[in-house]
Amino acid sequence: MKISVIGTGYVGLVTGTCLAEVGNDVLCLDLDESKIRILRQGGIPIHEPGLLEMVQRNVDAGRLHFTTSIEESVAFGTIQFIAVGTPPDEDGSADLQYVAAAARNIAKHMTDYKVVVDKSTVPVGTADKVKSALQEELARRGVDTEFAVVSNPEFLKEGAAVEDFMRPDRVVVGAEDERAITLMRELYAPFNRNHDRLVVMDIKSAELTKYAANCMLATRISFMNELANLADRLGADIEQVRLGIGSDPRIGYQFLYPGCGYGGSCFPKDVQALIRTADSIGMPLKVLKAVEDANETQKRILLEKIKGRFGADLKGMHFALWGLAFKPNTDDMRAASSRVVIEGLWQMGATVTAYDPVAMNESRRIFGDDPRLAYADSPMHALEGADALVIVTEWKEFRAPDFDQIKATLKTPVIFDGRNLYQPSQVRAHGLEYYAIGRR
Ligand SMILES: NC(=O)c1ccc[n+]([C@@H]2O[C@H](COP(=O)([O-])OP(=O)(O)OC[C@H]3O[C@@H](n4cnc5c(N)ncnc54)[C@H](O)[C@@H]3O)[C@@H](O)[C@H]2O)c1
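Residues numbered from 1 in each chain as written. Predicted model: local features only at pLDDT ≥ 70, side-chain atom pairs only at ≥ 80, totals over all residues. Heavy atoms only, no water.

Caption draft 1: Molecular detail of the environment of Val130. Following the sequence through the fold, Val130 ends up in helix α6 (residues 126-141). Dropping the residues within four chain positions of it, Val130 is found in contact with Val99, Ala103, Val116, Asp118 and Val149. (Helix = DSSP H or I, 4+ residues; strand = E, 2+ residues; numbered from the N terminus. Contact = heavy atoms within 4.5 Å.)

Encoded structure:
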């Protein structure tokens, strides 16, 4: 099949590449010339495990191409994926300007039947808006070309995106047009060999399914975070509680890890967007508002613990920070807890040296050359001259550090661990003070 992917970011590039991997001809469009330049030069503009090799393999095989030309992209694919960003607007609702622009661009140039697939996470009713935008533009041109709009939300996780796309738990397709449903079945058939993973439903339900999934996961995290804070106060150990409840198959072990708040490009904005959708029709989602509120508080939990230990005036103090990315295996720092911690430490007068295996360039892009933030080339180098260590991302390489070296290097032997990486008794046995989230 010939497929165009509009928006070559985390989702668009993974989608396009994985569809090429199973034999399709794919053209990825982005208006950001620098991204397309990097791709044409054989690199990739993001960090995503396994993606570079797959991109190179499919480019070499002649199945994967990149362009900045809208005309070329519209002419290319029968299936036109829209995978542009839907960032939060000022009031938290999803900003649909990029989706609308992509839809209009398709209609401006299309000359034959197209299936326009919303892969971006978009509020319920967006497919109708995309349809109207297409109809308006086609009417303006005075042409009557047929098209269908399909909702096909993406559930991949950054850091495991290639694996998730190649072996999906499910593929949700919201569609009403039989011809489009047939095409989507064909498109996803190579990912369905083990058993049929396609869940076909009406468009609005598909749009809501994506928000429901992310909001459910965010809810589990905020719930566990609040319980962890409670355990802290009560003298219980949240890790024991996690094991005690996770063994119940109705609950399960996943997404029960407390920490210093969820971040990233999806959970915060999707939680906010669903809250705004519900508010806008006078049906406030009380649980979800609490989830968001709890997360905002949780992103500051390490700052509170630092304040509790060192006081609110940290002038002259210096902190080592392990982890900048919002989670391991990605360089994405959108809404990352590290940003709240860094800015909070600055506000209290402290400076920071950070280490992250892949997100330091992204951090430089965000914070510029601020002299209050330095970077180290290894976790241990970040500790030099630091008063204490703060951990915000659970990268594997932080899991078994040399605690004796940490103790010998830090000015005060204190670790604030926002991801509960260690056994408190083990850390303390090395003579370190250890503050984690809900651990005894
Ligand atoms: N990142 C994730 O893990 C993830 C997972 C599932 C769903 N999603 C959703 O997928 C969507 C895309 O997310 P992302 O993280 O890939 O975003 P991203 O910011 O990484 O990529 C979006 C890309 O679209 C490009 N773009 C914007 N307008 C364009 C236009 N009119 N024509 C061509 N290109 C255009 C931008 O330049 C950018 O490169 C969002 O709605 C997001 O919520 C993201």
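Alright, that's what it looks like, and here's the rest.
Caption draft 2: Spotlight on the site of the ligand. Around the ligand, 24 residues are found, and the nearest of them are Asp30, Lys35, Thr86, Glu158 and Lys269. At a separation of 2.9 Å, an oxygen atom of the ligand approaches a polar backbone atom of Thr121. At 2.7 Å from a nitrogen atom of the ligand is found a side-chain nitrogen or oxygen belonging to Glu158. When isolated, the ligand has an accessible area of 830 Å², and the protein chains bury 90% of it. A class-by-class count of the residues in the shell around the ligand yields nine nonpolar, seven polar and eight charged. (Near = heavy atom within 4 Å. Polar contact = N/O pair within 3.5 Å; in protein donor to acceptor, adjacent residues only side chain to side chain. Areas by Shrake-Rupley, 256 points an atom, 1.4 Å probe, with all protein chains shown as cover. Nonpolar A, V, L, I, M, F, W, Y, C, P; charged D, E, K, R; others polar.)

Caption draft 3: Representation of helix α8 (residues 178-188). Taken together, the buried positions of α8 are occupied by Ala180, Ile181, Leu183, Met184, Leu187 and Tyr188. Axial view of α8: buried residues confined to an arc of 160 degrees, hence all on one face. (Buried < 20%, exposed > 50% of the residue type's maximum accessible area, 1.4 Å probe, protein only. Arc of directions from axis to C-beta.)

Caption draft 4: Representation of the pattern of salt bridges in the model. One pass over the structure, following the stated rule, counts 24 salt bridges. Residue Arg57 is joined to Glu21 by a salt bridge in which the shortest nitrogen-to-oxygen separation is 2.9 Å. Of the two residues, Arg57 is situated in helix α3 (residues 51-60) and Glu21 in helix α1 (residues 10-21); the sequence distance between them amounts to 36 residues. Classification of Glu21 as partly exposed rests on a relative accessible area of 25%. Its salt-bridge partner being Arg104, residue Glu136 comes within 3.0 Å of it at the nearest N-O pair. Taken together, the residues Glu136 in helix α6 and Arg104 in helix α5 (residues 97-109) connect sequence positions 32 residues apart. Using a relative accessible area of 46% as the deciding quantity, one classes Glu136 as partly exposed. Looking at Arg104, the relative accessible area reads 29%, which means it is partly exposed. Overlapping salt bridges bring together Arg104, Glu136, Glu137 and Arg140 as one network. (Salt bridge = Lys/Arg side-chain N within 4 Å of Asp/Glu carboxyl O.)

Caption draft 5: How the structure looks around the packing of helix α13 (residues 301-310) against helix α14 (residues 337-347). Running from N to C, α13 and α14 cross one another at 35 degrees; their axes reach a closest spacing of 9 Å. For the pair α13 and α14, the crossing hand works out as right-handed. The residues of α14 that touch α13, namely those facing Leu302, Leu303 and Ile306, are Val340, Val341, Gly344 and Leu345. Looking at the contact of α13 with α14, its residues break down into six nonpolar, one polar and no charged. (Axes fitted to C-alpha atoms, helices over the stretch in contact; angles between N-to-C directions. Left-handed = near helix turned anticlockwise from the far one by under 90°.)

Caption draft 6: Summary view of the packing of α5 against α6. Contact geometry of α5 with α6 gives a least axis separation of 8 Å together with a crossing angle of 35 degrees. Crossing hand, α5 versus α6: right-handed. Together, Val99, Ala103, Arg104, Ile106, Ala107, Lys108 and His109 of α5 and Thr126, Val130, Ala133, Leu134, Glu136, Glu137, Leu138, Arg140 and Arg141 of α6 make up the contact between the two elements.

Caption draft 7: A look at the pairing of strand β13 (residues 414-417). Neither face of β13 is open: one carries Val414 and Phe416, the other Ile415 and Asp417, and all of them are buried. As paired elements, strand β12 (residues 388-391) and β13 share three bridges and run parallel to each other. Paired with Ile391 across the two strands is Asp417, which belongs to β13. Viewed along the sheet, the connection from β12 through helix α17 (residues 403-409) into β13 turns out right-handed. Relative to strand β14 (residues 433-435), β13 runs parallel, the two sharing three bridges. Within β14, the position partnered with Ile415 by the bridge is Tyr434. Each parallel crossover has a hand, and the one from β13 via helix α18 (residues 424-429) to β14 is right-handed. (Pairing = 2+ DSSP bridges. Right-handed = clockwise from strand over helix to strand, strands pointing away.)

Caption draft 8: Seen up close, the packing of aromatic side chains. Summed over all chains, the structure comprises 13 aromatic pairs. Note on Trp322 and Phe398: the rings are 5.0 Å apart at their centroids and 25 degrees apart in plane angle, and the pair reads as stacked. Here Phe398 lies in the loop between β12 and α17 and Trp322 lies in strand β9 (residues 318-322), a separation of 76 residues in the sequence. Neither Trp322 nor Phe398 differs from the other in exposure class; each is buried. Between the aromatic rings of Tyr422 and Tyr434, the centroid separation amounts to 6.0 Å while the plane-to-plane angle is 45 degrees, which identifies the pairing as tilted. Here the residue Tyr422 occupies a position in the loop between β13 and α18, and Tyr434 occupies one in strand β14, the gap between them amounting to twelve residues. For Tyr422, a relative accessible area of 3% gives the class buried. Taken together, the ring pairs in this structure connect Phe310, Phe319, Phe416 and Tyr435 into an aromatic cluster. Sitting over the ring of Phe76, Lys2 keeps its end group 4.5 Å from the ring centre. In this structure, Arg364 packs its charged tip against the face of Tyr375, placed 4.5 Å from the ring centre. (Phe/Tyr/Trp six-rings, centres within 6.5 Å; stacked < 30°, edge-to-face > 60°. Lys NZ or Arg CZ within 6 Å of the ring centre and 35° of its normal.)

Geometric descriptors of this kind do not, in isolation, establish any biological role.
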